[in-house]
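Working through the structure, step by step
Chain residues, written in single-letter form:
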Amino acid sequence: MKVVKIGRTHLEDAVPLTVGQEWHGWAGQIRAAVAAIEASRAGLYELAVGGTAVGTGLNAPKGFSQQVATKIAELTGKPFVTAPNKFMALGSLDPMVRAHAALRGLAVALMKVANDMRWLASGPRCGLAELQLPENEPGSSIMPGKVNPTQCEAMVMIAIQVMGNDTAVAFAGSQGNFELNAMRPIIINNVLHSARILADGCEKFRQFSVEGTELNQDRIKGYVDGSVMLVTALSPVIGYQNAAHIAEKAIADGTTLREAALASGKVDAALFDKTIDPLSMVGHGLAGA
């Protein structure tokens, strides 16, 4: 939380934040996705059993649906209940579609995290190189000493597969005809497949990538020191246009922000050093309030 780094928006340099704040954003995505998955389970506990052919319960013994649901709940330790609307439970598979949509939401978040990590670890000499990922492999097949972000890439592939599965689940869910959706096998297969590969992928990603990742503090500091976007802090002091001209001049001439600011005549050394303080630009902790 105390390591200041340069933020990036639109893949371009932006104002600073801390490494902890950036990772807090990733953790927040995962927590929100998990909460959505947990919320989606409620619909899965409603059982169609006892609705018989079309939802009317024809030929089922009295109390059969409730008794079966109670027994299944007892055997599994899960809060299964008989579906209050058997016509919906048989004619649609909407709860499973929504559950898989929640899995897709997790896949989206994980792809974002994995892609951010592998971009931040790109290098080691010609990339961003802010992160140093664990060296899980000895090198590439032809380039000695080359270490690739394979765990990140594996997570990206898992996310792609889950997104593909979600398309199949959504399409199959739309294929209910009248009183029955007969597409259960493909939906069940894809839901279970996505849940399994996400669970396995998260475990391996945590174990072999996240936990062993280290910071390249020198590279992080170098980006902060060389950033032109720190000029943003000058906007309230000298105005947006003047600050923009300073940034443009520094970029065009290849000089430091400080050199360009002092050369502009709009800022003296004391004002620059007081205003351009990266640590003062990251807010006050996680909320930034």
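Quantities reported herein were computed from a predicted structural model and do not represent experimental measurements. (Residues numbered from 1 in each chain as written. Predicted model: local features only at pLDDT ≥ 70, side-chain atom pairs only at ≥ 80, totals over all residues. Heavy atoms only, no water.)

1. Focus on the overall build of the protein
For the protein, the count of helices and strands is 11 helices and 6 strands. For the protein, whose C-alpha radius of gyration is 27 Å, the value lies well above the compact-globule estimate of 19 Å for 289 residues. When the backbone C-alpha atoms are referred to their principal axes, the protein occupies close to 90 × 50 × 30 Å. Counting every position in the protein, which comprises 289 residues, the buried fraction comes to 35%. For the protein, restricting intrachain contacts to residue pairs at least 6 apart in sequence, the fraction spanning at least 24 positions comes to 68%. (Helix = DSSP H or I, 4+ residues; strand = E, 2+ residues; numbered from the N terminus. Rg over C-alpha atoms; globule rule 2.2 N^0.38 Å. Buried < 20%, exposed > 50% of the residue type's maximum accessible area, 1.4 Å probe, protein only. Contact = heavy atoms within 4.5 Å.)

2. Here's the deal with the packing of helix 4 (residues 94-120) against helix 5 (residues 150-173)
Contact geometry of helix 4 with helix 5 gives a least axis separation of 8 Å together with a crossing angle of 155°. What the angle tells us is that helix 4 and helix 5 run roughly antiparallel. Taken as a pair, helix 4 and helix 5 cross one another with a handedness that is left-handed. For the contact of helix 4 with helix 5, the class distribution of residues is 19 nonpolar, 4 polar and 4 charged. (Axes fitted to C-alpha atoms, helices over the stretch in contact; angles between N-to-C directions. Parallel < 35°, antiparallel > 145°, perpendicular 65-115°, else oblique. Left-handed = near helix turned anticlockwise from the far one by under 90°. Nonpolar A, V, L, I, M, F, W, Y, C, P; charged D, E, K, R; others polar.)

3. Observations concerning the packing of helix 5 against helix 6 (residues 184-210)
One way to put it is that helix 5 packs onto helix 6 with a least axis distance of 9 Å and a crossing angle of 165°. Here helix 5 is positioned roughly antiparallel relative to helix 6, judged by the angle of their axes. The chirality of how helix 5 crosses helix 6 is left-handed. Of the residues belonging to the contact of helix 5 with helix 6, the class tally is 15 nonpolar, 9 polar and 1 charged.

4. Regarding the packing of aromatic side chains
Counted according to the given criterion, the structure contains 2 aromatic pairs. Seen in terms of ring centroids, tryptophan 23 and tryptophan 26 are 4.9 Å apart; in terms of plane orientation they differ by 45°. Their pairing is tilted. On the criterion of helical spacing, the pair formed by tryptophan 23 and tryptophan 26 is a turn pair, its members being 3 residues apart in helix 1 (residues 19-44). The exposure class assigned to tryptophan 26 is buried, which follows from its relative accessible area of 4%. Ring plane angle 85° and centroid distance 5.2 Å describe the contact between tyrosine 45 and phenylalanine 80, whose orientation is recorded as edge-to-face. With a gap of 35 residues between them, tyrosine 45 in the loop between helix 1 and strand 3 (46-47) and phenylalanine 80 in the loop between helix 2 (64-76) and strand 4 (81-82) connect regions that are remote in the sequence. Lying across the ring of tyrosine 223, arginine 8 places its NZ or CZ 5.4 Å from the centre. (Phe/Tyr/Trp six-rings, centres within 6.5 Å; stacked < 30°, edge-to-face > 60°. Lys NZ or Arg CZ within 6 Å of the ring centre and 35° of its normal.)

5. Considering the layout of surface pockets
Each pocket or cavity is described by its volume, and for the largest pocket that value is around 720 Å³. Around the largest pocket, the lining comprises 25 residues; the ones closest to its centre are Leu44, Tyr45, Met96, Ala99 and Val191. The set of elements that each furnish at least two residues to the lining of the largest pocket consists of helix 1, strand 3, helix 3 (86-91), helix 4 and helix 6. In terms of residue count, helix 1 provides more of the lining of the largest pocket than any other element does, 7 residues in total. Looking at the lining of the largest pocket, its residues break down into 18 nonpolar, 3 polar and 4 charged. Computed from the structure, the second largest pocket encloses a volume of approximately 540 Å³. Forming the walls of the second largest pocket are 19 residues, and the residues nearest its centre are Ala121, Ser122, Gly123, Pro124 and Val147. Residue assignment for the lining of the second largest pocket shows that the elements contributing at least two residues are helix 4 and strand 5 (131-132). Within the lining of the second largest pocket, the residues separate by chemical class into 8 nonpolar, 6 polar and 5 charged. (1 Å grid on protein atoms, 1.4 Å probe; cavity = no way out; pocket = protein on both sides within 12 Å on 5 of 7 lines; lining within 4 Å. Points joined across faces, edges and corners; volume = space filled by probe spheres on them.)

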